[in-house]
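Analysis of the macromolecular model
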Protein chains: 2
Amino acid sequence: MHDISINESFTINPIGYIESDYPDKFGIPRQPGLATAAKATLVLTPPFNTPLSVRGLEAFSHLWISFIFHRSPEEWAPLVRPPRLGGNKKIGVFASRSTHRPNRLGLSLVELVGIDTHNGVSLLLKGADLMTGTPVVDIKPYLPWTEAVPNARSGFAPAPPPFYPVEFSSAAETALAQRADASDLRRLITQVLGQDPRPAYHQDQLEREYGMQLRDVNIRFQVQQMPELGNVVYIINIQKNN
Amino acid sequence: MHDISINESFTINPIGYIESDYPDKFGIPRQPGLATAAKATLVLTPPFNTPLSVRGLEAFSHLWISFIFHRSPEEWAPLVRPPRLGGNKKIGVFASRSTHRPNRLGLSLVELVGIDTHNGVSLLLKGADLMTGTPVVDIKPYLPWTEAVPNARSGFAPAPPPFYPVEFSSAAETALAQRADASDLRRLITQVLGQDPRPAYHQDQLEREYGMQLRDVNIRFQVQQMPELGNVVYIINIQKNN
């Protein structure tokens, strides 16, 4: 029954790339849909950027984006340590959504909010967890009657990750107030930083400062333990990149 | 914002291949999950076939399988004619699940019913729409809290395709009765043939005979129009392949 193609390699060519609120890997939510304030554009490249390629796509609210984790190393290992398990328990790479996987293929379900065909083709997406520059290799419409399985069992990841309150320092408030996208950026920062992007093995490192890139700013933050609230993400400062 | 990787190609290597009830392309249901009686095995190949790679996977009920439509031509076109639209309306390739797409990447949600690690690693799947020999390039666990979106809009494919009654000739009944897998094969034939696998442009060709491969048999069938029932799929004969 074996086919000659079993050991054959395949070449895939990007059909487009992502421009998003995430200029860097660090801190990107671990699943799409968790930060709905995050905007992204999928820009199709020639010869795929004809409006014909996306005819009828506007009738779908959600899309599957297949992409390459191009900033992950090409090495893979059979075991990974998911952040969801505190980073100290190992599970199989195929039981995970780890970026360190064979073929570095990623898969994200995103909301389609608009299609711009004025100059090539750009798809406007919401809730994407995709870094700027990510090469996209396929787009497929989402089919709820076969792909929505609310009662599926999902092992070590049965529910969304915890979400912490986010507080802004007065310096951060001042920086926000000077921007045209103030309320939108505040929502994005709250959604993304509230997920505590610190590495799993830093969970006990309270007060330590971290930096994360969002849009054109660098956000300094730390996690504090507050008497009644438990962990709170404290935004120390928001600084525009040079 | 552009990354150097935008025009870069990527090489992907299969991590395994499929052995299924579908030895041939013709007649395979157009989405997974529509023929739950269809069994498939995903056989991992070296170096991926270590039990470590799938540790923890048994806690998930559903998996995403990314694969290559290896029997489809490498050519793609911006417009396709989905069978769901009767084969005479064109939509964009990225608004479809057509197999004739750039990179020939397929994506199926399947049920995981067992993991066999006695000799390498085999995953036992239910409801797969995958042809024997299909090269698999990734496995990811299904996450219902982010990927089940029952209210998503799905354009020209808002519901499962129609399903026709299936009737067996006495010759077909006799052939079935001689098999150890009689009831199971009957269920599979009913689920797969009831979806009317005829090409969309043959919809008016009643009484015309077609053949479809399932497991080790060739099934001859035709579509008949019955007074009260409308279209009925009539199984003319079931013959074992040589």
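Residues numbered from 1 in each chain as written. Chains lettered and ligands numbered in written order. Predicted model: local features only at pLDDT ≥ 70, side-chain atom pairs only at ≥ 80, totals over all residues. Heavy atoms only, no water.

Let me state the cut-off plainly: UniProt positions are given in the numbering used here, feature names are shortened, and annotations may be inferred rather than shown by experiment.
An unreviewed UniProt entry lists chain A under the name tRNA (N6-threonylcarbamoyladenosine(37)-N6)-methyltransferase TrmO, from Halomonas campaniensis. One UniProt comment on chain A, placed under Sequence similarities (unreviewed entry), says "Belongs to the tRNA methyltransferase O family."

1. Brief notes about the overall build of chain A
Condition: We count a stretch as a helix when DSSP gives it H or I for four or more residues in a row; a strand needs E for two or more, and each element gets its number in order from the N terminus. A radius of gyration in this sense is built from C-alpha atoms; the matching globule rule multiplies 2.2 Å by the number of residues raised to 0.38. Think of it in three bands: residues with accessible area under 20% of the maximum for their type are buried, residues over 50% are exposed, and the middle band is partly exposed, with areas taken using a 1.4 Å probe on protein chains only. In this analysis, two residues are considered to be in contact whenever any of their non-hydrogen atoms come within 4.5 Å of each other.
Helix and strand counts for chain A come out as three helices and 13 strands. At 20 Å, chain A has a C-alpha radius of gyration in line with the 18 Å of a compact globule built from 242 residues. Over its C-alpha atoms, taken along the principal directions, chain A stretches across nearly 65 × 45 × 35 Å. By the burial criterion, 56% of the 242 residues in chain A qualify as buried. Within chain A, counting contacts between residues at least 6 apart in sequence, those at least 24 apart form 68% of the total.

2. As for the interface of chain B and chain A
A common way to report how large an interface is uses the accessible area buried once the components associate. Where we set the bar: Each of two parts loses accessible area, computed with a 1.4 Å probe, when they are put together; buried area is these two losses added. We define a salt bridge as a side-chain nitrogen of Lys or Arg found within 4 Å of a carboxyl oxygen belonging to Asp or Glu. Any N or O atom pair separated by 3.5 Å or less is treated as a polar contact, with the protein-specific requirement of one donor-capable and one acceptor-capable atom, and with residues adjacent in sequence counted only for side-chain atom pairs.
Listed as interface residues are 86 residues of chain B and, on the opposing side, 86 residues of chain A. Taken over both partners, the interface formed by chain B and chain A buries close to 7800 Å², and the fraction arising from carbon and sulfur atoms is 63%. Taken as a group, B:Phe10, B:Phe94 and B:Trp145 account for 11% of the area that chain B buries against chain A, more than any other trio of residues on that side. Joining chain B to chain A, the criterion identifies four salt bridges. Across the pair B:Arg101 and A:Asp138 runs a salt bridge, and its minimum N-O distance is 3.0 Å. The tally of links between chain B and chain A comes to 40 residue pairs in polar contact (both at pLDDT 80 or more). Those elements that provide at least two residues to the side of chain B that touches chain A are strand E1 (10–12), strand E2 (16–20), strand E4 (62–68), strand E6 (91–92), strand E7 (105–116), strand E9 (135–141) and helix H1 (144–147) of chain B.

3. Thoughts on the sheet that holds E4(B)
All names here are of chain B. For clarity, the threshold we go by: Note: two strands are recorded as paired if DSSP finds a minimum of 2 bridges between them. Convention adopted: a line fitted to C-alpha atoms gives each axis, helices being fitted over their contacting stretch, and angles between N-to-C directions are expressed from 0 to 180 degrees.
Within the closed barrel, the six strands sit side by side as E2-E3-E8-E7-E4-E9. Their pairing is antiparallel. Neighbour-to-neighbour, the strand axes of the sheet open up by a mean angle of 45°, direction not taken into account. Here seven bridges tie E4 to E7, and the two strands are oriented antiparallel to one another. Across the sheet, the residue bridging to Trp64 is Leu109, located in E7.

4. As for the domain arrangement of chain A
All names here are of chain A. As a reminder of what qualifies: Bear in mind that the domain bounds are from an automatic or database domain assignment.
When cut into domains, chain A gives domain 1 (4–147) and domain 2 (166–240). A separation of 25 Å is found between the C-alpha centroids of domain 1 and domain 2. With 18 residues of domain 1 at the interface, the matching set in domain 2 holds 18 residues. Here domain 1 packs against domain 2, burying approximately 1400 Å² in sum over the two surfaces, 57% of which is carbon and sulfur. The interface formed by domain 1 and domain 2 contains two salt bridges.

5. Here's the deal with the pattern of salt bridges
Residues and elements named next belong to chain A. Using the criterion set out here, one finds 30 salt bridges over all chains in the structure. Note that Asp21 is salt-bridged to Arg215, the shortest N-O span being 2.8 Å. Remark: Arg215 occurs in the loop between strand E11 (210–214) and strand E12 (217–226) and Asp21 occurs in the loop between strand E2 (16–20) and strand E3 (39–44); sequence separation between them is 194 residues. The exposure class assigned to Asp21 is buried, which follows from its relative accessible area of 8%. Here Arg215 falls in the buried class, since its relative accessible area comes to 17%. Three or more residues joined by partner-sharing salt bridges are found here, namely Asp21, Lys39, Arg179, Asp181, Asp184, Arg187, Arg215, Asp216 and Lys240.

6. Details of the pairing of strand E7 (residues 105–116) of chain A
Of the strand pairs in this sheet, E7(A) and strand E8 (residues 122–126) of chain A are connected by five bridges, and their pairing is antiparallel. Residue pairing in the sheet places A:Ile115 in a bridge with A:Leu123 of E8(A).

7. Considering the relation of the copies chain B and chain A
Relating one copy of the chain to the other requires a rotation about an axis plus a shift along that axis. Formally: What sets the superposition is a least-squares fit of C-alpha atoms, and only residues with pLDDT of at least 70 in both copies go into it.
Laying chain B over chain A is done by rotating through 180° and shifting 0.0 Å along the axis; what remains is an RMSD of 0.0 Å. Classification of the inter-copy transformation places it as that of a two-fold axis. Looking at the rotation axis and the C-alpha trace of chain B, the residue lying nearest is B:Ala148, at 1.9 Å. Interface overlap between copies: 100% of the residues of chain B at the interface are likewise at the interface in chain A, consistent with a symmetric, same-surface contact.

8. Here's the deal with the pairing of strand E3 (residues 39–44) of chain B
Pairing analysis gives five bridges linking E2(B) to E3(B), with the strands arranged antiparallel. Counted as the bridge partner of B:Gly16 is B:Leu44 from E3(B).

9. As for the packing of aromatic side chains
Heads up, the rule is: For this analysis, a ring pair means two rings from Phe, Tyr or Trp (six-membered ring only for Trp) whose centres lie within 6.5 Å, classed as stacked if their planes differ by under 30 degrees, edge-to-face if by over 60, and tilted for the remaining angles. Working rule: Lys NZ or Arg CZ, within 6 Å of ring centre, within 35 degrees of ring normal, means a charge sits over the ring.
Tallied over the entire structure, the rule returns 11 aromatic pairs over all chains. Here A:Phe156 and B:Phe60 contribute two aromatic rings whose centre-to-centre distance is 5.8 Å and whose plane-to-plane angle is 80°, an arrangement assigned as edge-to-face. Of this pair, A:Phe156 sits in the loop between helix H1 (144–147) and strand E10 (166–168) while B:Phe60 sits in the loop between E3 and E4, which puts the two residues in different chains. One aromatic cluster is present, formed by A:Trp64, A:Tyr142, B:Trp64 and B:Tyr142 through successive ring pairs. It is A:Arg186 that lies over the ring of A:Phe168; its NZ or CZ is 4.9 Å from the centre.

10. Remarks on helix H3 (residues 182–193) of chain B
Residues and elements named next belong to chain B. Stated formally: Given the number of residues in a helix, its expected span is that number minus one, multiplied by 1.5 Å.
With 12 residues, H3 ought to run about 16 Å at 1.5 Å a step, and its terminal C-alpha atoms sit 16 Å apart, in line with that. For H3, the complete set of buried residues consists of Asp184, Leu185, Leu188, Ile189, Gln191, Val192 and Leu193. Of the surrounding elements, those touching the buried residues of H3 are E3, strand E10 (166–168), helix H2 (170–177), strand E11 (210–214), strand E12 (217–226) and strand E13 (230–240).

11. Section: the side chain of A:Arg215
Residues and elements named next belong to chain A. Side-chain polar atoms of Arg215 contact the side chain of Asp181, separated by 3.1 Å. Side chain to side chain, Arg215 and Asp184 meet in a polar contact 2.6 Å long. The contact partners of Arg215, leaving out residues within four places of it in the chain, are Asp21, Pro23, Ala37, Lys39, Asp181, Asp184, Leu185, Leu188 and Asn241.

12. Quick look at unusual backbone geometry
Residue and element names in this part refer to chain A. In this chain, Pro46 is followed by Pro47 through a cis amide linkage whose omega measures 0°. Its location among the elements puts Pro47 in the loop between E3 and strand E4 (62–68). Residue Asp196 is not a glycine yet carries a positive backbone phi of 55°. Classification of Asp196 by relative accessible area gives buried; the value is 4%.

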